[in-house]
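Geometric and topological summary
So the chains spell out like this:
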Amino acid sequence: HIYFYLEFSEPMEWEAFLNDKSQKDVRLKDNYYGGKNVKAIFRSKNGKKPLMVKVGISNVSVEGAKNNLQTEAPGWDFETYKKNAADLWEKELSKIQVTSTDKDKLSVFYTALYHAMVHPSIANDVDGSYRGRDMKIHKTEGHDYYSVFSLWDTYRGLHPLLTLIDKKRTEDFIKTFLLQYEQGGRLPVWELASNETECMIGYHSVSVISDAYMKGIRGFDAEKALIAMKASAMKDHFGLAAYKQNNVITIDDEPESVSRTLEYAYDDWCIAQVARDLKKEEDYNTFIKRAQSWKNVYNKETGFMRARKNGNWQSPFDPREVNNYFTEANSWQYSFYVPQDVESLIALQGGKKGFEQKLDALFTANSKTTGRTQDDISGLIGQYAHGNEPSHHMVYLYNYTGNYSKTVKYIDTICNYFYKNTPDGLIGNEDCGQMSAWYVLSSLGIFQVCPGSTDFVIGKPQFEKAVLTTHNNNKLTLSRPGNYTAANANNTVFKLNKKDHTKLFISYNDILNGGSLEFITSPGPITGDYATPSSKIADQLLVPIPAIKTSTGLFDDTLRVTLVPSSNKSDLYYRTETNGTFIKYKEPFIINKTTEVEAYEEVNGTKSTIAKGMLHKRPNKWKVSIKYKYNPQYNAGGAIGIIDGLRADVNWKKGGWQGYQSTDFEATVDMLEVKNISYAGAEFLQDTRSWILFPTQLVVYTSSDGINFEKAVTINNKKPADDYEIQLLELSGEMKPTKARYVKFVATNFGKLPEWHAGKGDDAFIFVDELIIK
């Protein structure tokens with residue numbers, strides 16, 4: 001909803017245009033012109049003075065827009081408003097003062113700080129009225145109501161930055177969250193103008209709340225906040241139902257399953273921190289265990305986070321592949337996302353040395369990605385992608401290994417090459433200030449790897465001197481020598497208020513107390529160990545689920561099943577009959593019918609959740625040959641997947657469909673013997689927004705020898721392509737009873753996407769799952 005109110009500096013005349021046609025001679029109907037392309041031109045009546053316009057806006061009403069305008073801009077002196085705006089921004093931007101003779105560097109820094117202060121933005125009128133999540137009009141009491149919460153991006157850097165310099169806005173954000181919870185039933189995920197866009201994953205409002213609360217920013221109802229956080233975490237949508245039950249989301253449950261599992265786990269850790277402080281022991285135990293769910297997507301064989309499917313690991317696996325198991329990323333870019341439990345991840349990588357080598361491999365890998373094109377993946381150093389948010393904490397993970405010099409090396413590279421004073425000076429999406437917030441914090445020499453903790457990891461200041469004015473009006477001066485580089489970083493001595501600081505991190509309270517943090521280069525290498533940041537979950541330890549390993553999930557006669565534990569210290573138990581008794585696993589076993597295998601792992605009396613794999617015996621031994629090549633990301637498990645008797649659902653990102661782009665679909669089924677056939681067809685999917693359209697036609701042919709085919713039936717598609725509902729369609733029909741061994745299916749691709757489509761000119765996909773023969 002948007003309303004506006006205009007005032008003009010001079011008497012004026014106006015002319016309306018509808019669909020680019022003047023309405024001068026058209027009688028005004030009901031006091032307005034309506035349509036999708038409405039314009040108005042205003043002209044000064046006397047033509048001698050320039051016509052100035054003031055515009056007030058409101059999400060509430062025209063009256064609200066008028067009141068906003070007349071309260072905030074009563075006069076016509078443009079220069080006064082310009083000066084007032086400059087003074088306000090000068091006050092805000094002066095909260096961090098950096099000094100440099102490099103004007104480009106100053107421009108980059110203060111542009112970044114400005115960007116970090118634009119959103120979230122106030123959404124209430126001057127009288128406190130706002131449109132809530134229930135679309136009703138409410139009034140705020142004692143705080144501002146905000147909008148534009150790009151939380152998947154901004155919880156990582158922007159909100160931690162604001163906890164240092166803007167306590168009031170931080171508290172107002174959280175009060176806004178709680179109002180949205182009251183009016184809409186859950187905390188915002190990616191909110192815009194009081195609407196939930198559902199744009200990204202996770203429920204990262206809880207990170208902002210937990211981070212503020214643990215830092216002592218508590219001007220909100222903490223008990224209500226915990227209730228709201230739990231409510232968001234206990235929904236059954238977006239894979240949460242499976243996640244709550246199994247401590248993991250699989251491909252079978254929800255798209256982007258690996259990323260969702262990892263980000264839900266971090267969010268749950270945030271909830272646990274507040275629950276523990278509020279002495280809610282049961283809540284703490286529940287969410288600290290859920291916070292370890294990342295262990296269920298960590299594959300010890302490869303050392304990567306990896307998707308699970310049907311009780312097993314998804315294969316084939318390529319950590320560079322961009323696919324539907326990750327959110328705007330690949331496995332390289334999510335395999336370091338355990339901010340709440342870094343030390344446990346380090347242990348799984350063989351300790352600090354092994355983890356450092358894994359980080360080295362990340363930054364030195366070939367930068368080419370495979371799979372689908374993802375424009376968000378930019379700013380690549382190896383497979384590190386600074387242009388998108390999941391990578392933003394990774395440079396600072398070197399501090400957890402004790403190798404501070406590599407942290408310095410890559411911070412310098414990113415700051416100097418990925419942030420420039422040019423029109424295209426950002427290497428990726430700004431995302432409501434997150435890219436800039438990373439630069440502001442990193443320029444100061446600090447970054448918070450795990451919001452919700454109270455530690456900032458130490459990096460390298462990009463200016464010889466910076467003065468940070470905290471929200472309690474203390475000043476922290478951060479300084480370094482002019483010649484400070486990665487080459488001499490190992491010779492660094494940190495001084496906090498003139499005393500030795502032997503940690504590779506600094507607490508929030510130390511920053512808030514002000515004083516000085518000096519980076520001093522000593523004559524030689526530092527002797528003694530510097531304390532590394534701490535990030536470890538030690539309570540309610542979770543036992544990961546085992547893998548149910550088979551050569552295939554679909555078999556003809558018999559299938560060998562192997563159970564693979566996550567640890568050599570565990571025992572495995574399994575069953576092959578629903579409600580049967582679990583027995584101890586000793587060796588691989590054979591099945592000869594469609595079977596659901598269930599298995600769990602046990603360590604010292606603690607059990608994992610149950611892994612489930614449904615292993616299907618084929619209803620027949622038919623063969624299928626496919627003429628054109630399908631997209632490897634949309635393979636339905638291979639050629640046999642389109643005659644396996646299993647129907648995929650509308651959620652095509654789960655991998656149950658075969659996708660063909662820029663080509664028709666043609667497949668021939670060999671039933672191995674001549675049969676009587678009277679009905680044939682195939683099922684297709686349409687998701688117009690995703691370039692997937694029903695074929696225009698399906699033609700079925702039959703043959704007894706596989707060489708000479710006769711047309712049996714033609715089915716034309718009558719569903720419109722511009723129907724944006726995701727839907728299924730079975731194109732099938734009766735045909736003259738025929739004896740045949742071979743059945744050929746030919747579906748005609750829609751072709752080039754039309755003018756009305758966002759991808760006009762691109763090639764449409766055909767998505768097919770099951771071929772039908774009766």
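I will try to describe carefully the structure that is included in this document. (Residues numbered from 1 in each chain as written. Predicted model: local features only at pLDDT ≥ 70, side-chain atom pairs only at ≥ 80, totals over all residues. Heavy atoms only, no water.)

Looking only at helices and strands, the protein has 18 helices and 45 strands in total. Whereas a compact globule of 774 residues would reach a radius of gyration of roughly 28 Å, the protein reaches 30 Å, a difference of no more than 12%. A principal-axis box enclosing the C-alpha atoms of the protein has dimensions of 90 × 85 × 45 Å. Across the 774 residues of the protein, 53% fall into the buried class. A separation of at least 24 residues holds for 70% of the contacts in the protein among residues at least 6 apart in sequence. With the model as given, the accessible surface of the protein reaches about 34,400 Å², and the carbon-plus-sulfur share is 48%. Computed over 93 positive and 95 negative side-chain charges, the separation of the two mean positions in the protein equals 2 Å. (Helix = DSSP H or I, 4+ residues; strand = E, 2+ residues; numbered from the N terminus. Rg over C-alpha atoms; globule rule 2.2 N^0.38 Å. Buried < 20%, exposed > 50% of the residue type's maximum accessible area, 1.4 Å probe, protein only. Contact = heavy atoms within 4.5 Å. Areas by Shrake-Rupley, 256 points an atom, 1.4 Å probe, with all protein chains shown as cover. Lys, Arg positive; Asp, Glu negative; His and termini not counted. Charge placed at Lys NZ, Arg CZ, Asp CG, Glu CD.)

In terms of nonpolar packing, the biggest core is built from 149 residues, with I96, L164, L187, M305, Y404 and L563 touching the most fellow members. No other element matches the eleven residues that helix 10 (residues 257-277) contributes to this core. Discounting chain neighbours no more than four positions away, the residues touching L187 are F177, L178, Y181, S205, V206, I209, A228, M229 and S232. Core analysis: the second largest hydrophobic core is formed by 29 residues, W622, F665, V713 and L771 among them. (Core = buried A, V, L, I, M, F, W, Y, C linked by side-chain atoms within 4.5 Å.)

Once that is clear, we can look at the state of the cysteines. The final tally for this structure, using the stated rule, is zero disulfides. The thiol of C199 is unpaired, and the distance to the nearest cysteine sulfur, on C432, comes to 9.8 Å. The exposure class assigned to C199 is partly exposed, which follows from its relative accessible area of 48%. (Disulfide = S-S within 2.5 Å.)

Helix-helix packing is characterised by the crossing angle of the two axes and by the distance between the axes. Between helix 8 (residues 222-233) and helix 11 (residues 281-290), the shortest axis-to-axis distance is 13 Å and the interhelical angle comes to 45 degrees. What the angle tells us is that helix 8 and helix 11 run oblique. For the pair helix 8 and helix 11, the crossing hand works out as left-handed. Note on element contacts: helix 11 touches helix 8 through D283, F287 and R290, opposite L226, K230 and A233. (Axes fitted to C-alpha atoms, helices over the stretch in contact; angles between N-to-C directions. Parallel < 35°, antiparallel > 145°, perpendicular 65-115°, else oblique. Left-handed = near helix turned anticlockwise from the far one by under 90°.)

The next thing to look at is the side chain of R290. You can see R290 is positioned in helix 11. Setting aside anything within four residues of it in sequence, one finds R290 in contact with Y203, A233, M234, L240, Y243, K244, N247, A265 and D268.

This brings us to the pattern of salt bridges. Within this structure, the stated rule accounts for 39 salt bridges. Taking the shortest distance from any N to any O, the salt bridge between D556 and R618 comes out at 3.3 Å. With D556 in the loop between strand 31 (554-555) and strand 32 (559-564) and R618 in the loop between strand 38 (611-617) and strand 39 (623-626), the pair connects residues that are 62 residues apart, well separated along the chain. Accessibility expressed as a relative area gives 32% for D556, which makes it partly exposed. For R618, a relative accessible area of 13% translates into the label buried. E598 is paired through a salt bridge with K612; the nearest N and O atoms lie 3.7 Å apart. One end of the pair, E598, is in strand 36 (residues 595-603); the other, K612, is in strand 38, and 14 residues separate them in sequence. Judged by relative accessible area, which is 38%, K612 ranks as partly exposed. Among the charged side chains, a network of salt bridges with common partners joins E92, K95 and D166. (Salt bridge = Lys/Arg side-chain N within 4 Å of Asp/Glu carboxyl O.)

A separate point is unusual backbone geometry. Of the consecutive residues H119 and P120, the connecting peptide bond is found in the cis state with omega at -5 degrees. Tracing the backbone through its elements, the reader meets P120 in the loop between helix 3 (103-115) and strand 7 (121-122). At the junction of S315 and P316, the peptide bond is cis and its omega measures out at -5 degrees in the coordinates. Residue placement: P316 occurs in the loop between strand 17 (312-313) and strand 18 (321-322). A positive phi angle, close to 50 degrees, is found at Q540, a residue other than glycine. Tracing the backbone shows Q540 in the loop between strand 29 (515-521) and strand 30 (547-549). A relative accessible area of 39% means that Q540 is categorised as partly exposed. Of note, L672 is a non-glycine position whose phi angle comes to about 75 degrees, a positive value.

Let us now look at the packing of helix 7 (residues 205-214) against helix 10. With their axes 9 Å apart at the nearest point, helix 7 and helix 10 run at an angle of 35 degrees to one another. Between helix 7 and helix 10 lies a crossing of left-handed hand. For the pair helix 7 and helix 10, contact is made by V206, S207, S210, Y213 and M214 and by Y266, D267, C270, I271, Q273, V274 and D277, respectively. Here the residues of the contact of helix 7 with helix 10 are counted per class, giving seven nonpolar, three polar and two charged. (Nonpolar A, V, L, I, M, F, W, Y, C, P; charged D, E, K, R; others polar.)

Time to look at the packing of aromatic side chains. Summed over the entire model, instances satisfying the criterion amount to 43 aromatic pairs. Note on F109 and Y110: the rings are 5.0 Å apart at their centroids and 85 degrees apart in plane angle, and the pair reads as edge-to-face. Under the relative-accessibility criterion, F109 is labelled buried at 0%. These aromatic residues form a ring-pair network of at least three members: Y155, Y266, W269, F326, Y334 and Y337. (Phe/Tyr/Trp six-rings, centres within 6.5 Å; stacked < 30°, edge-to-face > 60°.)

Further remarks concern the sheet that holds strand 22 (residues 446-447). Strand order in the open sheet formed by three strands is 22-23-28, with antiparallel pairing between adjacent strands. The strands lining the two open edges of the sheet, one partner per strand, are strand 22 and strand 28 (505-507). Pairing of strand 22 with strand 23 (residues 455-458), which is carried by two bridges, proceeds in the antiparallel orientation. Residue pairing for strand 23: F447 is matched across the bridge by V457. (Pairing = 2+ DSSP bridges.)

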